[in-house]
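Now for the letters of each chain:
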Protein chains: 2
Amino acid sequence: MSVLVVGSTALDSIKTPWRENPRLLGGSASHAAVAASFFAPVKLVGIVGEDFPKRYLQLYRRHGVDLEGLRVAAGKTFHWAGEYEVNMNNRRTLKTELGVFETFTPELPEKYRRTPFVLLANIAPALQHRVLDQMRRPRLVVADTMDLWLNIALNDLLKLLRRIDVFVLNDSEARQLTKEDNVIKAAEKIHRLGPKYVIVKKGEHGAILSSTSGLFLAPAFPLNEVVDPTGAGDSFVGGLIGYLASRKGPIDSNLRRGMIYGSVVASFCCQGFGLMRTTKITREAIEQRVRELEKLVRF
Amino acid sequence: MSVLVVGSTALDSIKTPWRENPRLLGGSASHAAVAASFFAPVKLVGIVGEDFPKRYLQLYRRHGVDLEGLRVAAGKTFHWAGEYEVNMNNRRTLKTELGVFETFTPELPEKYRRTPFVLLANIAPALQHRVLDQMRRPRLVVADTMDLWLNIALNDLLKLLRRIDVFVLNDSEARQLTKEDNVIKAAEKIHRLGPKYVIVKKGEHGAILSSTSGLFLAPAFPLNEVVDPTGAGDSFVGGLIGYLASRKGPIDSNLRRGMIYGSVVASFCCQGFGLMRTTKITREAIEQRVRELEKLVRF
């Protein structure tokens with residue numbers, strides 16, 4: 001089955017202590033769409049400006065991403081510039097130029113509206129709502145977010161939590177949202193806000209799934225070098241929903257492995273700037289890492 | 001087979017945002033010895049003052065801990081006082097009174113010297129050396145440490161690393177020791193300093209084993225409430241070596257499960273002040289949590 005992905009489509013200029021790469025293909029929807037594309041057909045909803053490089057459109061297409069929902073508008077593409085510190089965990093934003101994103105209102109092509117799997121990748125909650133308003137009875141809705149929306153759009157986000165199945169956020173966001181320091185307790189509180197499934201991402205420490213059938217501790221694939229972690233969280237949710245869309249049977253019985261596949265795609269993402277490594281993934285390389293992860297946690 | 005444990009034997013006054021408990025039984029050797037006692041007979045090497053409460057000696061004895069190596073000296077028992085912040089990860093030391101520990105020189109009773117499993121729990125590296133000097137061909141030597149020794153006794157510690165089999169330290173210590181931010185790379189560097197097995201503890205995020213047969217990612221048992229994390233790391237190594245001493249076959253094939261047992265004992269430790277919860281553990285409760293952990297990571 002296919003996956004609809006909405007989120008940001010951007011140009012990222014990324015600086016690490018060792019290298020600098022200007023105007024890479026980035027944005028939550030780009031990372032998530034490519035990650036999902038290894039498992040299922042993807043439909044993209046987003047907006048770019050007239051300056052958006054043709055080669056990036058070709059890149060989406062090479063991954064079979066349907067671009068009918070990607071609007072090319074007069075103006076500039078959303079541009080983010082950021083810099084990582086030596087430890088690769090702390091980053092600071094150098095520049096945010098919203099460009100055409102400032103006035104973006106997602107309008108779904110008719111053929112998108114019955115897509116069974118919906119990923120509301122990181123984007124303003126009001127836009128996530130607007131996409132859901134246009135969908136007809138999706139089978140599964142997964143939403144990601146970021147601290148910015150907790151700060152400036154909390155009410156929209158809280159309303160969204162009552163409309164989705166899987167909520168994905170990182171540990172610091174879970175603490176901020178619930179005012180609860182313990183992550184397990186924070187997940188319990190988030191269930192009460194709506195979502196049946198809560199996934200707390202912990203970066204290199206993996207992710208925790210909380211659901212009515214209990215907890216699942218998903219490991220991160222261990223890397224001895226991280227080139228650029230930008231988009232790892234988006235790759236995780238993209239790989240997760242792509243895998244789920246490719247499987248038969250109830251969500252509950254596929255969610256754990258889905259997180260493992262998401263984790264593996266995210267690990268590739270960290271091994272290159274922007275989407276450079278992700279776009280070179282083969283399905284066999286993914287399966288290989290999944291088998292390795294199985295061995296890494298066996299006891 | 002039996003386990004020799006050397007380390008600090010102390011009185012801990014622990015304050016958390018919710019409660020305060022003065023003069024609890026504490027110290028790395030106390031936590032490690034009790035943790036190991038659920039699996040194997042334990043011999044303790046340490047020193048206490050004349051003020052050391054009789055009920056704590058009885059507590060050791062109830063766990064079958066051999067006290068021939070515990071010296072009772074004129075003076076006061078090592079007393080540590082500390083305070084945890086709300087998030088239970090940051091703690092600050094309020095008081096450190098070394099007392100009889102200041103002049104401690106471990107002297108092993110003759111019958112201790114052929115103990116096959118040796119745990120050099122956190123204590124000055126010079127004292128860890130002194131214990132090893134008196135041992136006759138132990139089967140396995142495990143050493144723990146803390147940041148203090150990296151700061152004030154690095155040379156002693158580096159010499160120790162060439163004499164031990166398993167080195168256990170936490171992630172920030174691994175970074176400090178190797179000047180390497182990536183934990184996997186840090187472990188690789190530590191191997192070159194001597195130890196065949198390197199275990200990096202990551203608190204609530206579990207622990208990583210690095211060995212010639214690759215990595216193992218051990219989960220921490222998830223807790224929705226941490227009462228007092230003091231001694232959790234000591235309980236982890238104690239449970240680990242106790243389990244190893246109880247098993248036949250090569251170390252390599254028992255180390256992964258050993259870490260799981262250590263992790264489980266550490267989780268109980270966090271659920272009470274000092275040793276309050278640990279001393280109430282039953283072997284069946286340990287097995288139960290090990291089975292739960294198996295389910296929590298299965299995919």
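In this text, all values refer to a predicted model and were calculated from it rather than measured experimentally. (Residues numbered from 1 in each chain as written. Chains lettered and ligands numbered in written order. Predicted model: local features only at pLDDT ≥ 70, side-chain atom pairs only at ≥ 80, totals over all residues.)

With that out of the way, let us pick up the overall build of chain A. In terms of helices and strands, chain A carries ten helices and 14 strands. Relative to the compact-globule value of 19 Å for 299 residues, chain A shows a C-alpha radius of gyration of 18 Å, a close match. Seen through its principal axes, chain A has C-alpha atoms that stretch 50 × 45 × 40 Å. Put simply, chain A has 299 residues, and 49% of those count as buried. Sequence separation of 24 or more characterises 66% of the internal contacts of chain A that already satisfy a separation of 6 or more. (Helix = DSSP H or I, 4+ residues; strand = E, 2+ residues; numbered from the N terminus. Rg over C-alpha atoms; globule rule 2.2 N^0.38 Å. Buried ≥ 20, exposed ≤ 12 C-beta atoms within 10 Å, placed from the backbone. Contact = placed C-beta atoms within 7 Å.)

Mapping chain A onto chain B is achieved by rotating through 180 degrees and translating by 0.0 Å along the same axis, at an RMSD of 0.0 Å. Seen this way, the second copy is the image of the first under a two-fold rotation axis. In terms of C-alpha distance to the rotation axis, chain A has A:His205 as its closest residue, with the C-alpha 3.0 Å off the axis. (Least-squares fit on C-alpha atoms with pLDDT ≥ 70 in both.)

Take the interface of chain A and chain B next. On the chain B side, the residues contacting the 24 residues of chain A number 24 residues. Going through the elements one at a time, helix H7 (183-191), strand S14 (214-218), helix H9 (251-270) and helix H10 (283-297) of chain A are the ones with two or more residues in the side of chain A that touches chain B. Looking at side-chain class alone, the side of chain A that touches chain B contains 13 nonpolar, four polar and seven charged residues. (Nonpolar A, V, L, I, M, F, W, Y, C, P; charged D, E, K, R; others polar.)

Of note, A:Arg23 is a non-glycine position whose phi angle comes to about 50 degrees, a positive value. Assignment of secondary structure puts A:Arg23 in strand S3 (residues 20-26).

Here we come to the confidence of the model for chain A. The predicted model of chain A has a mean per-residue pLDDT of 96, with 100% of residues at 70 or higher. The ipTM, which scores confidence in the relative placement of chains, is 0.93 for this predicted complex, and the corresponding pTM is 0.96. (pLDDT = per-residue confidence, 0-100.)

With that settled, the discussion passes to the nonpolar core. One finds A:Val5, A:Leu119, A:Val265, B:Val5, B:Leu119 and B:Val265 to be the most contacted residues of the largest nonpolar core, which totals 186 residues. Setting aside chain neighbours within four positions, we find A:Val5 in contact with A:Ala29, A:Ala32, A:Ala33, A:Ala36, A:Val42, A:Leu44, A:Val45, A:Leu119 and A:Ala121. (Core = buried A, V, L, I, M, F, W, Y, C linked by C-beta atoms within 7 Å.)

Moving on: the environment of A:Cys269. The topology assignment puts A:Cys269 in helix H9. Taking C-alpha positions, A:Cys269 is 9.5 Å from A:Asp234, a pair spaced 35 residues apart along the chain.

As a general point, the strands of a sheet are linked pairwise by backbone hydrogen bonds and lie either parallel or antiparallel. Residues and elements named next belong to chain A. One open sheet accounts for four strands, arranged S3-S2-S7-S8; its pairing is mixed. Each edge of the open sheet carries a strand with a single partner, namely S3 and strand S8 (91-97). Averaged over all pairs of adjacent strands, the angle between strand axes in this sheet comes to 20 degrees, irrespective of strand direction. (Pairing = 2+ DSSP bridges. Axes fitted to C-alpha atoms, helices over the stretch in contact; angles between N-to-C directions.)

This part covers H9(A). If you check H9(A), its first and last C-alpha atoms are 27 Å apart, about what 20 residues at 1.5 Å a residue would give, namely 28 Å. Of all 20 residues in H9(A), 14 are buried; the element is thus mostly enclosed. (Expected span 1.5 Å × (residues − 1).)

In this section: the packing of H9(A) against H10(A). All names here are of chain A. Two numbers describe how H9 lies on H10: the axes approach to 9 Å, and their chain directions differ by 115 degrees. One finds that H9 runs roughly perpendicular with respect to H10. Judged by the sense of rotation from one axis to the other, the crossing of H9 with H10 is right-handed. Along the contact surface, H9 presents Ile260, Tyr261, Val264, Val265 and Ser267, while H10 presents Ile286, Arg289, Val290 and Leu293. Split into classes, the residues belonging to the contact of H9 with H10 amount to seven nonpolar, one polar and one charged. (Parallel < 35°, antiparallel > 145°, perpendicular 65-115°, else oblique. Left-handed = near helix turned anticlockwise from the far one by under 90°.)

All names here are of chain B. Taken in spatial order, the four strands of this open sheet run S3-S2-S6-S7, and their pairing is mixed. Strands at the two margins of the open sheet, each flanked by one partner only, are strand S3 (20-26) and strand S7 (91-97). Each strand axis lies, on average, 20 degrees off the axis of its neighbour in the sheet, ignoring direction. With five bridges joining them, strand S2 (residues 10-15) and S3 adopt antiparallel strand pairing. Bridge pairing links Ala10 to Gly26 in S3.

Turning our eyes to something else, we now look at the packing of helix H1 (residues 28-37) of chain B against helix H8 (residues 232-246) of chain B. A packed helix pair is summarised by two numbers, namely the angle formed by the two axes and the spacing between the axes. All names here are of chain B. Where H1 meets H8, the axes come as close as 7 Å, and the angle between the chain directions of the two elements is 35 degrees. Of the two elements, H1 crosses H8, and the hand of that crossing is right-handed. Counted together, Ser28, His31, Ala32, Ala33, Val34, Ala35, Ala36 and Ser37 of H1 and Asp234, Ser235, Val237, Gly238, Gly239, Ile241 and Gly242 of H8 form the full contact between these two elements.

Our next topic: the pairing of strand S10 (residues 166-170) of chain B. In regular strands, side chains alternate between the two faces of the sheet. Residues and elements named next belong to chain B. Of all five residues in S10, four are buried; the element is thus mostly enclosed. Pairing geometry for strand S9 (residues 140-144) and S10, over three bridges, is parallel. Following the sheet pairing, Asp144 is matched in S10 by Val168.

This part covers the pairing of strand S8 (residues 117-120) of chain B. Residues and elements named next belong to chain B. Residues Phe117 and Leu119 line one face of S8 and the alternating positions Val118 and Leu120 line the opposite face, and both faces are buried. When strand S1 (residues 3-6) meets S8, the two strands line up parallel, connected through four bridges. When the bridges of S8 are listed, Val5 appears paired with Leu119. Judged from the four bridges that link them, S8 and S9 form a sheet pairing that is parallel. Note that in S9 the partner of Leu119 across the bridge is Val142.

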